[in-house]
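Residue strings, one per chain:
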Amino acid sequence: MIPNDPFMLLSWINMQLRDYYPSLDELCSSLNLNRRELEVKLASIDFRYDPNSNSFV
């Protein structure tokens, strides 16, 4: 189950990216998530995906 709260989601997504997925595209594909919706939700708390660090910063 994916957290709904943006801050919990941030933590969960970054952990998934760090431990299991080499990119946001692969995470979204594997978990059947809409990348745009995910990015909009995390942007609402001022976090953006950084491909160099493979995390939301």
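These numbers come from a predicted model, not from an experiment.

Thresholds, definitions, all that
Residues numbered from 1 in each chain as written. Predicted model: local features only at pLDDT ≥ 70, side-chain atom pairs only at ≥ 80, totals over all residues. Heavy atoms only, no water. Salt bridge = Lys/Arg side-chain N within 4 Å of Asp/Glu carboxyl O. Buried < 20%, exposed > 50% of the residue type's maximum accessible area, 1.4 Å probe, protein only. Helix = DSSP H or I, 4+ residues; strand = E, 2+ residues; numbered from the N terminus. Contact = heavy atoms within 4.5 Å. Polar contact = N/O pair within 3.5 Å; in protein donor to acceptor, adjacent residues only side chain to side chain.

A closer look at the pattern of salt bridges
Right, so step 1: By the definition in use, this model includes three salt bridges.
Right, so step 2: Between Asp19 and Arg18 there is a salt bridge, with its nearest N and O atoms 2.9 Å apart.
Right, so step 3: Take Asp19: its relative accessible area is 40%, and that puts it in the partly exposed class.
Right, so step 4: Its relative accessible area of 61% is what places Arg18 among the exposed residues.
Right, so step 5: Note that Arg35 is salt-bridged to Glu39, the shortest N-O span being 3.3 Å. With Arg35 and Glu39 both in helix α3 (residues 35-43) and four residues apart, the pair spans about one turn of that helix.
Right, so step 6: Residue classification places Arg35 among the partly exposed positions, given a relative accessible area of 26%.
Right, so step 7: Of the residues examined, Glu39 reaches a relative accessible area of 22% and is grouped as partly exposed.

Quick look at the environment of Ser55
Right, so step 1: Following the sequence through the fold, Ser55 ends up in strand β2 (residues 55-56).
Right, so step 2: According to the relative accessible area criterion, Ser55 is buried, its value standing at 14%.
Right, so step 3: For Ser55 and Asn14, which are 41 residues apart along the polypeptide, the C-alpha to C-alpha distance reads 5.4 Å.
Right, so step 4: Beyond its immediate stretch of four places on either side in the chain, Ser55 contacts Asn14, Leu17, Arg48, Tyr49 and Asp50.
Right, so step 5: In terms of polar contacts, Ser55 uses its side chain to reach the side chain of Ser53, at 2.8 Å.

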